[in-house]
Every structure is written in structure tokens, then in C-alpha cells.
2 protein chains.
Amino acid sequence: MPELRHDPIQKRWVIIATERSRRPSDLHVGSSAVGDAGAFCPFCPGNESATPPEIMAIRPPGSHAGAPDWKVRVVPNKFPALRIEGSPDREAAGVYDRMNGIGAHEVIVETPEHGTSLADMDYRGVERVVQAYVARQADLLRDQRFKYVLVFKNHGEVAGATLSHPHSQVIATPVTPRTISTELTSAREHYHLKERCLFCDVLAQELQAGARVVWSDPMFAVIAPYASRFPFELMILPRRHGHAITALTPEEVSGLARVLRDTLRRLKIALGDPAYNFMIHTAPNLDYEPRRVTFWQTIPWDFHWHIEIIPRLTQVAGFEWGTGFYINPTAPEEAAMFLRGIELR
Amino acid sequence: MPELRHDPIQKRWVIIATERSRRPSDLHVGSSAVGDAGAFCPFCPGNESATPPEIMAIRPPGSHAGAPDWKVRVVPNKFPALRIEGSPDREAAGVYDRMNGIGAHEVIVETPEHGTSLADMDYRGVERVVQAYVARQADLLRDQRFKYVLVFKNHGEVAGATLSHPHSQVIATPVTPRTISTELTSAREHYHLKERCLFCDVLAQELQAGARVVWSDPMFAVIAPYASRFPFELMILPRRHGHAITALTPEEVSGLARVLRDTLRRLKIALGDPAYNFMIHTAPNLDYEPRRVTFWQTIPWDFHWHIEIIPRLTQVAGFEWGTGFYINPTAPEEAAMFLRGIELR
């Protein structure tokens, strides 16, 4: 019997229909390949002039901006979805609303090595990438026009990557995105009702039950969410309640790098280097939000930051687009059990 | 300058970033091919025994159930996402909620001809398909366990189709899906504020402006939505306010068949037979809904049914999954102008 499960964070029903996984087409691994093999790579060392000037870089002592001996390099996206100059100028357009596409769109080049993905790096390498995530969040949140800063990664062409050199992206937006608003509302409502954090409650229940836990250490837990939309969907949660990645201690940054790298490596070994997306869900702009008189005023601190990882193994079809709920052919308990058994090498 | 546009129906911001369409990877036509060429087709006439027994069929006079001379045939999905037997049995699972996966999952085989898609059929053939959509809605809504009935179509493998023989699907669910709830809420709030239908207001503004109108006749209008998520996304709206396709007159069924077939044909000619999804958004179960004391009690009649069509031309990546808003490289005004210029042949 298929089962309907409700996600209290996204307020979304999901159909867990494991009988359907017998259809071979339901679970084919989206290749992580990107169709740019042999092409000129603008992210490789020595090609720095092919990108806009760097915003920041992590470099060895003695190195300087523009030199090719960087370890992590952040540059503006050459084809930005949003522009940094100007003001939003919100206005009505009859029954609609519009504003200028103000924001930031940056690329974080994760490593000078073209062929080394996060799953293959050493912990120190991933730690530098996480340091860059935190630094770009903190810097962009200083801009009062930006209400939200999203750090995310597309790995593989079916996940939306257009360049194969390992990179993450940062987009700062002048509105709080709907998905985040839903999570903030859920967290606020739960806190209002229970005086507890919703995510802390979820985490406590998961750690006690164990069936959906892939990994846990004193700082972080990796779980397959109860109402997973997709096979092998994962969530990395900090065990200490915190609303934003900008408030991480250096030890937590190291710990996050370890758990992120190991989780991606587990997926790579288990599923044969699948295409995936991950997104860091952190609080919206606190400098901005408290000034609003209503609704969100006290919210951001009720939020509990986390990372969502989505391997791209199934097609999203008309049912999902038409309803906003999902049919998942793999029970999260099975996914977690399988991933727990993977030996990291 | 990119532009942010707000969809008052889905309460969703979209980034219209036309500069990005210069990247060739941003707009590649998802093939409508399905990898089952040469394989046994369970939907072809003569193979009726390969599917579960038919639920209904449209047949010439004198024909009988099981005979191979049907025109449209509706059968249960052999791998259903939801099961017809049982009761939902809602219950708590700690901080979560669950229920049994009760519902219906049917396949509407649109034609006996394996290679003839809706875009290629004559009007009479598409009319029979629309008649089947209406009949299945009406029949499934009699079941008090089902709160919503979604009719949708996946055309092409990247749109989620696994069999190439032209078919649509019907899924009846024991909860009102989130996407529909959002639209119902928007319609209710707008009616509360203005005492007018939100969709009627959108339609009036679009018909007056004209820039996003692909087609209009006395019964229907086809528009590229102001805040389109995807290139060439379209919406078919009835000009007469109506909450559900089950209330269509026979003339409106014919009119809908014509506009649906012509719109799909326009997309096929313009974009080279792209993969697409369409979903019919109609009111939830009225037999059920009025019994609830709160919230939706008077809503369904404020709703305005419509069809959403989504050609699958771009990848959905981490930004979209992480935020619920979309980057669209093609302005809907350009898409509408291009489609208006297509000569139907």
C-alpha cells in the first residue's frame, strides 16, 4: 500500500509508492557529465582573465589578487540572473506586481583542479569552500537591498550545470523566496504553539527512531527526510540550534566540511556519481527583517539552518508540476539503510 | 536589466532574465521521443488484455467493452501511485502526519493510432479525449474519499512519459494538493477584497493589453502568463467564469478541444515537437468541501478553472529547488508574439 506522508517543514504531502520502483525508468541515474569536455575552461588557473574580476579568493600567504595560485575563487557570474546596480523600484502593473531584477549572482570556483569534485577533495579543501560560503553570505547580507542570500550547487548537466569545473553559486534576491517563507512560517507556527524549534523536534525524533539517520556526530546529523520528495534526498542539520550559517564557529565550519564531503562521497559511491543539487537554507537578512513591524519580526531566530541535497534520479512530471506534491518510489528508510552501509574509501 | 514579476495566482516571484538566453544551453528543445520504439505497446488496439480491464471507452455504435475498435480507452494504471481500496486512516507519527495512499490512478489512451499525438489529431478526435477528461472527473468526484482529481499529460521522456502511445493520466488524491490550495486561497482573498474573480481580472487585463495573448475566441483565451516560470509556458482560460470542467456545456467541450489542439500544434510547429506537460486545474471536490466549517466553505465557486501547459525546454536547477522561484530566459511577450505568428497547417 502506498503511503502519504506530510512534511511539517514544507507543509507538503508526498506519496511514498515503493511498488513503482519496479519500473526501470523510475530510477535512472542522471549522469554527472557536462557537455563541455575539451572546451576552454574559464575557471581553470591561468584563465583568470576569462571571468569578471574576482570578488574574493582564498590564497596561500604571499599570493595576490589575479595570480593563478588561488585555492578557492569567487567571481561575478558572467551571465547574471540579477544585476547588482540600481534599486528594486517596486510598482504595480495592473493586477500584477513588478520590480527591477536587483541582486547578486556569483560563482564560487571550489578548486583549481578541473576534475576534482567536492566528493573527492580532502577535508581541508572542502573547508575552504565552506569558508567561502560563509564569507559571501556575511558580505552580501550587509546590502540592505538583499533580503535573502542562497548558496547552492548544481552538479551535472541534468542538475543544471553548464560548466564541468567544480563550482557553487550564490544568488542574493530582493525578496524572501517562497520556499524559505514557508519554512519560516512553519517554524514560527510551531514555536508559537510549542515553544520549541520545529527542526529541533524533527531532529530529536529522527535520532531516537534511527531508521532515517544516515550519519550523526556530536555536531551534525544527516537524515533522509520522512516525507522525501525524491529517492535518496538528504538533509544535513546542525545539532546545535542556530538560525544562520554566518553564526558558525570555526570548529563547526570544519565539522560541516567533513559531513558535507562524506555525504557527497557516500552518494557518489552508492549511486555512481549522480547529478545532484544542494541548497543551503539559512535565515533571511536579519538587518532587514527586524524593521518590519509585522509577521517576521521575531522569526529568523526560530529558524534552524540546514542543507538540502537532491540527487537527480527521477523526472519531475505533470503530476508534480500540477499539484506540488511528489511521488517517491524509494522509501527514505531504505535509502538511509543503504547509505549507512556504504564504506567510505 | 532583468525584471522580477509576481504571479498573483501562485503568489510566486519569477525572474525574467532575457540576457541569459544567449547561452545556448539555456534553451534546448527537450525531445518528445520516448525510449520504447519497437517494444510491445500495451495501449495499441488488439493488446487490450495487456492492461487492467477498461473503466470506460468511447466506442462506435454496436461495439462492446474489450473489443479493439475503441476511439478512446480509460484503464487503471498498472503501476498506480495510489490505491483505490481502503480508507485514508489519517494519523500522527510523532511530529509528522501520515495516511494510507488511497486514491485513483488511471490512464486515458487518447487514440488507437500509436503515432498520432493530440497536436496531429482532428478536432473530433481531441473532443473525444476532452469528453473522457470530463467524464472521469465527474465519476471520481462522486467518491467522498477523493478531495481532488487531477487530469494531466506528460508528452516526451524528459516530461516524464514512459510509453510513447499518446495518453493522458488521471490521479485522484485524498488531500487537496498544495498548488491548488494556493490558487484557491489567492482566488478567495481577491474575491474577499474586490468582489471580483482574480482570474477574470487577469484575463480582462491580458485581453486589453494584448502583448501576451496567443489566441482568443468567444469561448477561450490562450495567454503566456505575465510571470511565466518557463519559456513558452501557456495558460488556456475559459472566458466565461466557471469553477470546474465538469460544468462545461457540449459546445464548450468542442471549443476546448479546438483551442487545446491548435495550441499544442502551434507549440509543435514553433519549437519542433517539444516535450511538454499540461495540467487541468479545476475546483476540488464540491461534495466534500462544503462540509468543512472553515476556510474553504464558499471557495470553490470563486475558482476559475484553467489549463497550464509547460514545454520542457530548460533544466530546473538548484536555485529553483532552493527558493521556489524561477529564472526564465524568454519574456512571455516574445513567446506570445512568436506563437501568434505561427501558421497552423
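Residues numbered from 1 in each chain as written. Chains lettered and ligands numbered in written order. Predicted model: local features only at pLDDT ≥ 70, side-chain atom pairs only at ≥ 80, totals over all residues.

Trainee: I keep staring at the overall build of chain A and nothing clicks. Help me out?
Mentor: What chain A contains, in helices and strands, is six helices and 15 strands. Taking 345 residues into account, the globule formula puts the C-alpha radius of gyration at 20 Å, and chain A, at 20 Å, falls close to it. Seen through its principal axes, chain A has C-alpha atoms that stretch 60 × 50 × 45 Å. The buried share of chain A, reckoned over its 345 residues, is 52%. Counted over contacts in chain A with a minimum sequence separation of 6, partners at least 24 positions apart contribute 72%. (Helix = DSSP H or I, 4+ residues; strand = E, 2+ residues; numbered from the N terminus. Rg over C-alpha atoms; globule rule 2.2 N^0.38 Å. Buried ≥ 20, exposed ≤ 12 C-beta atoms within 10 Å, placed from the backbone. Contact = placed C-beta atoms within 7 Å.)

Trainee: Would you mind going over the environment of histidine 6 of chain A with me for this structure?
Mentor: As for its placement among the helices and strands, histidine 6 of chain A is situated in strand β1 (residues 3-7). Judged by local crowding, histidine 6 of chain A falls into the buried class, with 20 C-beta atoms found within 10 Å. Distance in space between the C-alpha atoms of histidine 6 of chain A and tyrosine 226 of chain A is 8.0 Å, their sequence separation being 220 residues. Residues contacting histidine 6 of chain A, with those up to four places away along its chain left out, are Trp13 and Ala227 of chain A together with Tyr96, Asp97 and Arg98 of chain B.

Trainee: Looking at this model, I keep getting lost on unusual backbone geometry. Mind explaining?
Mentor: If a residue is not glycine, its phi is most likely negative; likewise, a peptide bond is most likely trans. Residues and elements named next belong to chain B. Phi at lysine 11 is positive, roughly 55°, even though this residue is not glycine. Locating lysine 11 in the fold gives a position in the loop between β1 (3-7) and β2 (12-16). Here lysine 11 falls in the partly exposed class, since 15 other C-beta atoms lie within 10 Å of it. Of note, aspartate 89 is a non-glycine position whose phi angle comes to about 50°, a positive value. For aspartate 89, the position within the fold is in the loop between β4 (72-76) and β5 (91-93).

Trainee: Help me understand the packing of helix α1 (residues 123-140) of chain A against helix α4 (residues 250-271) of chain A in this model?
Mentor: Residue and element names in this part refer to chain A. α4 packs onto α1 with a crossing angle of 115° between their chain directions and a minimal axis gap of 8 Å. Relative to α4, the crossing made by α1 is right-handed. Across the interface between the two elements, Tyr123, Val126, Glu127, Val130, Gln131 and Val134 from α1 touch Val253, Ser254, Leu256, Ala257, Arg258, Leu260 and Arg261 from α4. Grouping the constituent residues of the contact of α1 with α4 by class yields eight nonpolar, two polar and three charged. (Axes fitted to C-alpha atoms, helices over the stretch in contact; angles between N-to-C directions. Left-handed = near helix turned anticlockwise from the far one by under 90°. Nonpolar A, V, L, I, M, F, W, Y, C, P; charged D, E, K, R; others polar.)

Trainee: Help me understand the relation of the copies chain B and chain A in this model?
Mentor: Both copies of the chain are related by one operation, a rotation about an axis with a shift along it. The operation relating chain B to chain A is a screw motion whose rotation component is 180°, with 0.0 Å of axial translation and a residual RMSD of 0.0 Å. What the rotation and shift describe, once combined, is the action of a two-fold rotation axis. Relative to the rotation axis, the closest C-alpha in chain B is found at valine 316 of chain B, a distance of 4.7 Å. Residue by residue, 100% of the interface of chain B is reproduced at the interface of chain A, so both copies engage with the same surface. (Least-squares fit on C-alpha atoms with pLDDT ≥ 70 in both.)

Trainee: How should I be thinking about the pairing of strand β9 (residues 167-173) of chain B in this particular structure?
Mentor: Residue and element names in this part refer to chain B. Counting buried residues in β9 gives seven out of seven residues, a clear majority hidden from the surface. The two faces of β9 match: His167, Gln169, Ile171 and Thr173 on one face and Ser168, Val170 and Ala172 on the other face are all buried. The pairing of strand β8 (residues 148-155) with β9 spans five bridges and is classified as antiparallel. Its bridge partner lying in β9, valine 149 is registered against alanine 172. (Pairing = 2+ DSSP bridges.)

Trainee: Any chance you could explain the sheet that holds strand β8 (residues 148-155) of chain A here in plain terms?
Mentor: By way of backbone hydrogen bonds, the strands of a sheet pair with one another, either parallel or antiparallel. Residue and element names in this part refer to chain A. The sheet built from 10 strands is open, its strands ordered β3-β4-β7-β9-β8-β13-β14-β12-β11-β10 with antiparallel pairing. Two strands bound the open sheet, and with one partner strand each, they are β3 (56-58) and β10 (213-216). Sheet twist, expressed as the mean angle between neighbouring strand axes with direction ignored, is 15°. Relative to strand β14 (residues 306-311), strand β13 (residues 276-281) is paired through six bridges, and the arrangement is antiparallel. Note on β14: the bridge partner recorded for methionine 279 is glutamate 308.

By themselves these figures say nothing about function.
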